[in-house]
Amino acid sequence: MTTYDYQVKAEEIEQMELQLDSLTTKQLQEVAKTLETIKQSEEKTKMEHAKIYFTNAISPILQDYAEKTYSILQIDENKNDPSVEVILKNRRGFELTEHDPCKKFIYFSKLC
């Protein structure tokens, strides 16, 4: 069994609070700048991972579905925005059956 423990221990929080309380105003400003840099870096990494996930996991499913339904698949990825617009076109429309492999994926994507 694998366990992932992301809890923050009370002693760690207390130690951080003590350290913050002992900083000067200038030091607190530096900490704030560093925290902002960390947040921006993490957001950038998160977006990069999301794009890789889309390219490697979601896009092939959509391509397979488009091929099986004789459809046109358009994927528009915005370079400056994390959003991706996906359009499926079919002259006859789409009917999602109970056994359709993309049904759960399409439903999930509407929830997100």
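The present account deals with the structure reproduced in this document.

Let's shift gears to the overall build of the chain. For the chain, the count of helices and strands is three helices and two strands. The order of α-helices and β-strands along the chain, N terminus first, is α-α-β-β-α. Across the 112 residues that make up the chain, the buried fraction comes to 10%. In the chain, once contacts between residues fewer than 6 apart in sequence are set aside, the share between residues at least 24 apart is 28%. Accessible surface for the chain amounts to roughly 10,300 Å². Of this, 54% is attributable to carbon and sulfur atoms.

Together, Val8, Ile13 and Met16 make up an exposed nonpolar region whose accessible area comes to about 260 Å². Locating isoleucine 13 in the fold gives a position in helix 1 (residues 10-21).

Put simply, side chains in a regular strand alternate between the two faces of the sheet. Strand direction decides the pairing type here: strand 1 (residues 72-77) and strand 2 (residues 84-89), joined by six bridges, are antiparallel. Its bridge partner being in strand 2, isoleucine 72 is matched across the sheet by lysine 89. Hairpin connection, strand 1 to strand 2: the antiparallel pair is bridged by six residues.

This brings us to the pattern of salt bridges. One pass over the full model with this rule turns up two salt bridges. Linking glutamate 30 and lysine 33 is a salt bridge whose minimum nitrogen-to-oxygen distance equals 3.8 Å. Within this pair, glutamate 30 and its partner lysine 33 are both found in helix 2 (residues 25-68), separated by three residues, close to a single helical turn. A residue is classified by how much of its surface remains accessible, and lysine 33, at 54% relative accessible area, is exposed. As a salt-bridge pair, lysine 68 and aspartate 64 come within 3.2 Å of each other at their nearest N and O atoms. Within this pair, lysine 68 and its partner aspartate 64 are both found in helix 2, separated by four residues, close to a single helical turn.

Quick look at the environment of glutamate 48 now. Looking at the secondary structure, you find glutamate 48 in helix 2. A C-alpha to C-alpha distance of 8.8 Å links glutamate 48 and proline 82, two positions 34 residues apart in sequence.

Taken as a whole, this structure holds one aromatic pair when the rule is applied. Centroid distance tyrosine 4 to tyrosine 6: 6.5 Å. Interplanar angle 5°. Geometry classified as stacked. Take tyrosine 4 and tyrosine 6: they sit in the same class, and that class is exposed.

What follows covers the side chain of serine 71. Inspection of the secondary structure puts serine 71 in the loop between helix 2 and strand 1. Given the relative accessible area of 16%, serine 71 is considered buried. Within the structure, the side chain of serine 71 is placed 2.7 Å from the side chain of threonine 69, a separation counted as a polar contact.

Calculation rules
Within any chain, residue numbers begin from 1 and follow the written order of that chain's sequence. pLDDT decides what is reported in this predicted model: residues at 70 or higher carry local features, side-chain atom pairs at 80 or more are listed and counted, and totals for whole chains, interfaces and linings draw on all residues regardless. Processing note: side-chain calculations cover all non-hydrogen atoms of the structure and skip hydrogens and water entirely. In this description a helix means any DSSP run of H or I spanning at least four residues, a strand means any run of E spanning at least two, and both kinds are numbered starting from the N terminus. Throughout this description, buried means an accessible area under 20% of the type-specific maximum (1.4 Å probe, protein chains only), exposed means over 50%, and partly exposed covers the range between. Contacts were defined at the residue level, with two residues in contact if any of their heavy atoms lie within 4.5 Å. Where accessible areas are quoted, they stem from the Shrake-Rupley method and a 1.4 Å probe; at the residue level, only the protein chains shown are allowed to cover. The patches reported here contain residues having more than 30% relative accessible area and no salt bridge. Joining distances are 9 Å for like charges and 5 Å for nonpolar side chains (Val, Leu, Ile, Met, Phe, Trp, Tyr). Salt-bridge detection follows one rule: a side-chain nitrogen of Lys or Arg within 4 Å of a carboxyl oxygen of Asp or Glu. For two strands to be treated as a pair, DSSP must find at least two bridges joining them. In summary, the pairing rule links any two rings of Phe, Tyr or Trp, Trp by its six-membered ring, whose centres are within 6.5 Å, and it sorts them by plane angle into stacked for under 30 degrees, edge-to-face for over 60 and tilted for everything else. Any N or O atom pair separated by 3.5 Å or less is treated as a polar contact, with the protein-specific requirement of one donor-capable and one acceptor-capable atom, and with residues adjacent in sequence counted only for side-chain atom pairs.

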